[in-house]
Amino acid sequence: MNDSAHNIKVTVLLPFYNAAEFLREAIDSILSQTFSDFELLIINDGSTDSSAQIIASFADKRIRVLNNERNIGIIATLNRGIEEARGEYIARMDADDISFPERLSKQVQALDSDPHISVISCFVDFINVDGRVTGVWNTDRTTVSEKEIRTMMMRTNCIAHPGVMMRREIALKFLYNSQQKGTEDWDLWMRMLASGFKIAKYKTSVFFFDPVLNYINGNEPYTTDTDIPITLEARDRLDKLIL
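Residues numbered from 1 in each chain as written. Predicted model: local features only at pLDDT ≥ 70, side-chain atom pairs only at ≥ 80, totals over all residues. Heavy atoms only, no water.

Although it is not a glycine, Asn 18 adopts a positive phi angle of roughly 50°. Tracing the sequence through the fold places Asn 18 in the loop between strand S1 (8–16) and helix H1 (23–31). Positive phi outside glycine occurs at Leu 175, with the angle close to 55°. The residue Leu 175 is located in the loop between helix H7 (168–174) and helix H8 (184–194) in this model. (Helix = DSSP H or I, 4+ residues; strand = E, 2+ residues; numbered from the N terminus.)

Here's what the structure looks like:
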């Protein structure tokens, strides 16, 4: 485990709660990245299963573990992770998803090559609990350009949260809104876009995504886009930018 602070390019932020069934595969997919200048910041949100033992079985020095004293939910845990991150960039990861080996490399290259990009996303492939590819997210594939992303965000989320990499300084500026349970990512993208920050998307699948199981055992179950408590101020400002 890595406890020494030094210059790191990427913090991979992986919060979890009772994720023993899939956690090992998720961690393996990060440790197998072709890009190596990262820390894997794992935050245990009060798990009661064998997740801690699984993490302890890894000896990789790039792993850093934080433990919440109690289950505080994904929003507070994510904000803690952003504040604790040592990397210039923060890559999101969930405990039941799998990143392709070149994911970090491609996303770092995108952010390094364009300082105007605040968040870089990617195409995702859906998988089921057996790890079998079940399809793609159509909204994800049809919103690629900056204009398409801005326009679609007014209607629904089009960015796969655990597949993004963002600049830490921007993430610190906004953080996740504790009032947006279940749509905290969509709200974050809306507020960033409404403030003039750019979200881009890499036109290749570099991520396997389980759209249902994320944090489902915690105190904030998965929420669909039919629940829309998005900040109205951010939506109004974004609407004016689009027009």
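Okay, back to it.
In this section: the pattern of salt bridges. Here the idea is simple: oppositely charged side chains can pair when their charged atoms come close. Per the counting criterion, the structure on display carries 13 salt bridges. Notably, a salt bridge pairs Asp 94 with Arg 92, separated by 2.9 Å at the nearest N-O pair. Across the pair, exposure class does not vary: Asp 94 and Arg 92 are buried alike. The partner of Arg 191 in a salt bridge is Asp 187, with the nearest N and O atoms 2.8 Å apart. Taken together, the residues span about one helical turn, with Arg 191 and Asp 187 both in helix H8 at a distance of four residues. Both residues of the pair, Arg 191 and Asp 187, count as buried. Three or more residues are tied together by salt bridges with common partners; here these are Asp 125, Asp 140, Arg 141 and Lys 201. (Salt bridge = Lys/Arg side-chain N within 4 Å of Asp/Glu carboxyl O. Buried < 20%, exposed > 50% of the residue type's maximum accessible area, 1.4 Å probe, protein only.)

Our focus in this paragraph is the packing of aromatic side chains. This structure, assessed with the given rule, holds one aromatic pair. Seen in terms of ring centroids, Phe 174 and Phe 197 are 5.5 Å apart; in terms of plane orientation they differ by 90°. Their pairing is edge-to-face. Placement of the pair is Phe 174 in helix H7 and Phe 197 in the loop between H8 and strand S9 (198–209), with a sequence separation of 23 residues. In this pair, the class of Phe 174 matches that of Phe 197, namely buried. For Lys 173, the ring lying beneath its charged end belongs to Phe 174, and the centroid distance is 6.0 Å. (Phe/Tyr/Trp six-rings, centres within 6.5 Å; stacked < 30°, edge-to-face > 60°. Lys NZ or Arg CZ within 6 Å of the ring centre and 35° of its normal.)

Once that is clear, we can look at the packing of helix H6 (residues 146–153) against H8. Between H6 and H8, the shortest axis-to-axis distance is 10 Å and the interhelical angle comes to 120°. Overall, the two elements H6 and H8 adopt an arrangement that is oblique. The crossing of H6 and H8 is left-handed. In this structure, H6 contributes Ile 149, Arg 150 and Met 153 to the contact, and H8 contributes Trp 186, Trp 189, Met 190 and Leu 193. Here the contact of H6 with H8 is built from residues that sort into six nonpolar, no polar and one charged. (Axes fitted to C-alpha atoms, helices over the stretch in contact; angles between N-to-C directions. Parallel < 35°, antiparallel > 145°, perpendicular 65-115°, else oblique. Left-handed = near helix turned anticlockwise from the far one by under 90°. Contact = heavy atoms within 4.5 Å. Nonpolar A, V, L, I, M, F, W, Y, C, P; charged D, E, K, R; others polar.)

Of all 11 residues that make up strand S6 (residues 117–127), 11 are buried, and the element is covered over most of its length. Where S6 meets strand S8 (residues 165–167), two bridges bridge the pair, whose relative direction is antiparallel. Looking at the pairing, Val 119 lines up with Met 166 of S8. What sits between the antiparallel neighbours S6 and strand S7 (residues 133–136) is a turn of five residues, in which Gly 131 has the positive phi angle 80°. (Pairing = 2+ DSSP bridges.)

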